[in-house]
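An overview of the molecular structure
Here is how the chains run, residue by residue.
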Amino acid sequence: MRHAYQDWQTRKQALPKPCATFVHYAEVCLVSILLVLGIRDWLVQSSKVVSGSMIPTLAIQDRIIVLKWPHHFAPINRGDVVLFKSPHGDGKEFVKRVVGLVGERVSIRNGLVYINQKPLHFPGVHIRADASNLAETIIPKNHFFMLGDNRRYSQDSRYWGTVHRDAIIGNAWFIYWPPRSAQIVW
């Protein structure tokens, strides 16, 4: 590999000046494109919130930074706000809060979420509850139960079921736009 690199550098030096300049800029562009694609595919991505399902945590039109790598190396936890592929297979992406984990029994009575028949509370998180009900559901292996924080206006696991781990893109980490809303996502 090292020999091939040295051979390439020698060949570039032998080129006429305009050609060498073009090759140099082409290399810079190619490396830049590969870095950007690698970062977007494996490390971070930007996403725009298009619904009010996570109000007040996330507002409509907020732009967020999503960390794509943590869920590959650490467990997904209850309370995490995650971006995932739409369960409808329509190419859209949704952002919701992880409420139920693998093997747990989730039910909703008069808007209050129960995990294994114990009421669920997220300290420091304002949930806009509704009066919905959901019969007890057992979360299968590699799946998660997702709910929006603004329950009355959220299409979530109550309507389309659990979300497979492979559909999760990453953890919502930071609101960067609009600047007045810039903050870490809780």
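Up top is the structure.
Every chain is numbered on its own, with residues counted from 1 as its sequence reads. Whole-chain, interface and lining totals are the exception, using all residues; otherwise, since this is a predicted model, local features are given only for residues with pLDDT of at least 70 and side-chain atom pairs are given and counted only at 80 or more. Hydrogens and water molecules were not included; the side-chain quantities draw on all heavy atoms of the structure.

Numbering of helices and strands runs from the N terminus, with a helix taken as a DSSP run of H or I at least four residues long and a strand as a DSSP run of E at least two residues long. A tally of helices and strands in the protein yields four helices and 12 strands. Each radius of gyration is computed over the set of C-alpha atoms, and the globule rule expresses the reference value as 2.2 Å times the number of residues to the power 0.38. Computed over its C-alpha atoms, the radius of gyration of the protein comes to 23 Å, more than 25% above the 16 Å expected for a compact globule of 186 residues. Seen through its principal axes, the protein has C-alpha atoms that stretch 75 × 40 × 30 Å. Accessible area is worked out with a 1.4 Å probe on protein chains only. A residue is then buried under 20% of its type maximum, exposed over 50%, and partly exposed in between. Each of the 186 residues in the protein was classed as buried or not, and the buried ones make up 38%. Taking the intrachain contacts of the protein between residues at least 6 apart in sequence as the baseline, contacts between residues at least 24 apart amount to 56%. Approximately 11600 Å² of the protein is accessible, and the part contributed by carbon and sulfur atoms is 61%. Here the protein carries 23 positive and 13 negative side-chain charges, and the mean point of each set is 3 Å from the other. Contacts are assigned to residue pairs that have any heavy atoms within 4.5 Å of one another. Using a 1.4 Å probe, the Shrake-Rupley method yields the accessible areas, and only the shown protein chains count as cover for residues. In this charge count, Lys and Arg are treated as positive and Asp and Glu as negative; neither His nor the chain ends contribute. The atom standing in for a charge is NZ when the residue is Lys, CZ when it is Arg, CG when it is Asp and CD when it is Glu.

Turning our attention to the sheet that holds strand S6 (residues 112-115). The rule for pairing is simple: two strands pair if DSSP sees at least two bridges between them. Pairing in this open sheet of four strands is antiparallel, and the strands run S7-S6-S5-S8 from one edge to the other. Because the sheet does not close on itself, it has two edges, and the strands there are strand S7 (118-119) and strand S8 (134-138). Bridge count for S6 against S7 is two bridges, and the pairing is antiparallel. Pairing of isoleucine 115 across the sheet is with lysine 118, part of S7.

As a further point, take the nonpolar core. Only buried residues count toward a nonpolar core, which is a set of Ala, Val, Leu, Ile, Met, Phe, Trp, Tyr and Cys residues joined through side-chain atoms within 4.5 Å. Listed in full, the 12 residues of the largest apolar core are Val49, Met54, Leu58, Ile64, Val66, Val81, Leu83, Val95, Ile169, Ala172, Ile175 and Val185. Elements with a contribution of two residues or more to this core: strand S2 (63-67), strand S3 (81-85) and strand S11 (168-177). Counting residues per element, this core draws most heavily on S11, which supplies three residues. If we skip the residues at most four places from it in the chain, isoleucine 64 touches Gln45, Ser46, Ser47, Val49, Leu58, Val95, Ala172, Phe174, Ile175 and Tyr176.

As a further point, take the packing of aromatic side chains. The rule is short: rings of Phe, Tyr and Trp, with Trp giving its six-membered ring, pair when the centres are within 6.5 Å, and they are stacked under 30 degrees, edge-to-face over 60, tilted in between. The full count for this structure, using the stated rule, is four aromatic pairs. With centroids separated by 5.6 Å and ring planes inclined at 40 degrees, the aromatic side chains of tryptophan 173 and phenylalanine 174 adopt a geometry described as tilted. Among the residues examined, tryptophan 173 registers a relative accessible area of 40% and is labelled partly exposed. Feature note: the residues Phe84, Phe94 and Trp160 constitute an aromatic cluster, connected by ring pairs. We count a charge as sitting over a ring when the NZ of a lysine or the CZ of an arginine lies within 6 Å of the ring centre and within 35 degrees of the ring normal. Cation over ring: lysine 96 sits above phenylalanine 94, and NZ or CZ is 5.9 Å from the ring centre. One cation-aromatic arrangement involves arginine 97 over phenylalanine 122; the distance from NZ or CZ to the ring centre is 5.6 Å.

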